[in-house]
Every structure is written in C-alpha cells, then in structure tokens.
Amino acid sequence: MNTFSRSFSDRLLSDYNYTFNKNGVCGERLANRLALLSGIGLTSDSGTNRMGFSKEERCAKDQVIEWMEEAGLTVQEDGAGNVIGTLYGDDQQHVIMAGSHVDSVPNGGHFDGPLGVLCALEIVEAWKETGYKPQKTYEVVIFSDEEGSRFKSGLTGSTAMTGNADEVKLRSVKDVNGQAFGDVLQNVGLNADGFFRAKRDLNRVEVFYEVHIEQGKRLEQNNLPVGIVTGIAGPCWLEISFKGKAGHAGNTPMNDRQDPLVAAGDFTRQIPKLPREVSESAVATVGQLHVYPNGINVIPGEVVMTVDIRDIKKESRDFLVSKVKKLAENISEQHGVKLSFQEKVRIPPVPIKNSVLMTVEKAVKLEHIHPFYLPSGAGHDAMMMGRQVPVGMIFVRSKDGISHHPDEWSSLNDCVQAVHVLKKSVEATMERGV
Ligand SMILES: [Zn+2]
C-alpha cells in the first residue's frame, strides 16, 4: 500500500464505530479496499484519474477481480470489459445483481463508483464469514466507462450490456485524444466487434441494486447516513436560439432595439419558478449561453442557450419541457425576437418499483435508520439497467455534497451502514423476490 492509500485508510478508520462490524461485514476490509483503489491513478491533487478504458481503470478492475476470486466468485468479462463475479446459488433461474463502476472523471474522487462495487462485494465476504448460502444466484458487477470522460457520453458498459449501444455512432466516434473507438478498446485488450456482442439476456435478473454516493447535500442536511432513491431523473436538453437585430451599441436608440440577450436574460430569470409548478423533484437549468457576435460595443444579433430539464417521472418531466417552450415563445413575442428550438437529448427517466422501494425501506428500518426518500438527479448505471430490469439505489451521505473532485468524502460509518442496507435488501430479495 502506498503512502496515500495508507493515510486514506487511516482517515477512514479514525472515527469508525466498530459496532457496525456485524453479520460478517467488516469496516476495516472495506476501508482497506477503498484505500487500495484510491492509489490507482492517483493525481498530484490527491484525486484520481481513471478514465474509462484506460490502463488505470483496467488496473482497478484487475485488483477487484483478485478480491472477487479470493471471495469465491466465478469471474467473467464481457466484450465491453464489464466484469461479472458470480456466486451461483442452487436456483440459477433467478439472479440478483449489484455493483457500479471503477472509472472516474479526470481528477475525480475516490468514492464515486468504487464504493458501489466494494459494497456489493462486501456482502459476499460477509456471507462467507457467517456461512450464509444464498438460494439464488448473486452477481457483483463492474461496469466499464460509466463517467464517459473519454467519449463525452457515459454509461458505456451498461449501454453495451443492455443492448442500447448506438453502433453506428460509436464506430465513428473519437475520444478526447482523437483516438478511434476501436483503437481505444484495443489498448485495453478489447475490440469493437466484441463490444457490440456484449448485449446480454437479462431475463433472469430479478433486480439490480446500486450503492452510490449522493453527490448532493440532502442526506447531510437531514443528518442521515443513507437514503432510498425514488427514481432516476432523465434529462431533456433543449437548445434555444433567440434572434434579434445586431447594431451599434452607441448609435441605436433604446426604443429601436430587438436585443436577444435581454430576452435571454428575462427567460433565464423566469426558469427557476417553473419546476415547482410540475413536481417537487423537477429541476431546470440554463447552463450554456453563447452570445453572437459577442462584441463589447455591439447589440447582440443572436443568443444560443441550453436548458437542462429533469424529473424522475416522464409525465412531469415532459410537462416541464412544454412549459419551458411556452415561456420561450412568450418571451420571444414580448421582446420581438425570433425563436427556434432544437431538442438535443430526451432520455426517459427510470422510476423505481414500489416493491423495490419497500424492500430497501424495510432494510433501512432494520438498521434503525430513518427512511428518507430522495430522487437521483444524475444518471447512473442503474438508469441504463433500469430500462431492462427492476432497479434499486441506495445513496450514501456525501460530505458537503462534493463529488467529481478530490475532496469527495463519505465516512466509513455511512459506507458500512450502506453495506448492511444493501445486504438486507439482497437477502430479502433472495427469500421473497421483488
Ligand atoms: Zn458514479
């Protein structure tokens, strides 16, 4: 273990409450493993660089494979580099999956992804220790390239496994360094043909569970270690253009202007009040604004802006999209500017089945934790898996809500409580189904 990993592990264990070591679950093992993975791709800022399909991601996968094999799992890898560690039960017709990813954004943190994989694996360790023999088959999964820093589109591994990969697009895509998709795969011992054969029959999968850091502050604000995810929001990205009349800033009187930037400002100011008109979980964000010609003494001729619109239910998300469009139409009329839209992305949100929510809620209560429900605003592998199979997600409190940054932190107490909740949820699904 390198110096960083050692201090990382010490920090995790410094305030660990050892009473959470129970039912075969071991906080020191989890801390040790998180620390060992944190040393792979370590940056000078004490963050991690494990881009999808990099040698660092490969190295992290290989480390987890070693632990999977030691724990008695049969390890396979599909054509997309997704790693599947299987513990066969007597009943192989019912499969329960749990996992996440080990890649990161550039200079990211040490919990986003690895925590979900290691929590899923810790359950197998706990069963081994207590002699629990699961009836159904259990799989621990590492999905490739979840973050998508390489090709600017995430969930690559889960997209391949669920058969949702866009072959035409991927075969022509280049990564951030200008390398072709097939060449990037080849660097880590994979190939494009194998990637597109990774689609798997998921009929036997009863549920996929994912533990993930919250990446927000709601659990912290409510002083809770874990939360139950109610649904995964699907984004709709609108590109909106307001076109007016460019002119000289000095020579055009104020009453003779069609200024698209003033319209864009008015539009942006009114966006925040719309989400609460459709639901409590809906959000809308103006994230990009391009002003043309962007001159200091020129009244702008055009403004092109984006709105990111999300909710966990398709109906309310789509309702919000129509409200945003209506607002843009009203604004364009009021300011006398021309309006055009382009829908860049519309991904369906993934609702979480009530029976899965109840299973996780029961597990949370068994750990004497107040059940707290919250939506996931970000996409995860569970979002892609959710297109094919029921999914459940457990969020773990993030310190200060920070993620995708070296300062990302979750206490070992919270992480281990998530293992217990996941373990009880998986065991309940083993015994009663979902
Ligand atoms: Zn993640």
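Residues numbered from 1 in each chain as written. Predicted model: local features only at pLDDT ≥ 70, side-chain atom pairs only at ≥ 80, totals over all residues. Heavy atoms only, no water.

Trainee: Help me understand the domain arrangement of the protein chain in this model?
Mentor: Often the size quoted for an interface is simply the accessible area lost on bringing the parts together. Looking at the protein chain, the domain boundaries give domain 1 (3–233 + 349–432) and domain 2 (237–346). The distance between the C-alpha centroids of domain 1 and domain 2 comes to 37 Å. Summing the contributions of domain 1 and of domain 2, the shared interface buries around 540 Å²; its carbon and sulfur component is 70%. If you look at where domain 1 meets domain 2, you find 0 salt bridges. Where domain 1 meets domain 2, there are 1 residue pair in polar contact (both at pLDDT 80 or more). When residues of the side of domain 1 that touches domain 2 are traced back to their parent elements, those giving at least two are β6 (226–232), β13 (350–351) and β14 (373–376). If you tally residues by element for the side of domain 1 that touches domain 2, the top one is β6, at 3 residues. A breakdown of the residues in the side of domain 1 that touches domain 2 according to their chemical character gives 7 nonpolar, 5 polar and no charged. (Domains from an automatic or database assignment. Buried area = accessible area lost by both parts, 1.4 Å probe. Salt bridge = Lys/Arg side-chain N within 4 Å of Asp/Glu carboxyl O. Polar contact = N/O pair within 3.5 Å; in protein donor to acceptor, adjacent residues only side chain to side chain. Helix = DSSP H or I, 4+ residues; strand = E, 2+ residues; numbered from the N terminus. Nonpolar A, V, L, I, M, F, W, Y, C, P; charged D, E, K, R; others polar.)

Trainee: Whenever I open this one, the sheet that holds strand β12 (residues 338–346) confuses me. Can you help?
Mentor: Where strands meet in a sheet, backbone hydrogen bonds hold them as pairs that are either parallel or antiparallel. Sheet architecture is open: 4 strands sit in the order β9-β11-β7-β12, paired in antiparallel fashion. In this open sheet, the two edge strands, each paired with only one partner strand, are β9 (283–292) and β12. Direction aside, neighbouring strands of the sheet carry axes that sit 20° apart on average. Where strand β7 (residues 234–243) and β12 come together, 8 bridges link them in antiparallel fashion. If you follow S241 over to β12, its bridge partner there is S340. Helix α10 (residues 260–270) rests against β7, β9 and β11 (302–311) of the sheet, and its axis sits at about 15° to β11. (Pairing = 2+ DSSP bridges. Axes fitted to C-alpha atoms, helices over the stretch in contact; angles between N-to-C directions. Contact = heavy atoms within 4.5 Å.)

Trainee: Looking at this structure, I do not really get the pattern of salt bridges. What am I missing?
Mentor: Between side chains of opposite charge, a pair can form when the charged atoms approach closely. Enumeration over the complete set of coordinates arrives at 30 salt bridges. Between R150 and D175 there is a salt bridge, and its shortest N-O distance comes to 2.6 Å. Highlighted residues: R150 in the loop between β4 (136–143) and α5 (156–161) and D175 in the loop between α6 (167–172) and α7 (181–187), separated in sequence by 25 residues. Classification of R150 as buried rests on a relative accessible area of 8%. With its nearest N and O atoms 2.7 Å apart, the salt bridge here joins R397 to D414. (Buried < 20%, exposed > 50% of the residue type's maximum accessible area, 1.4 Å probe, protein only.)

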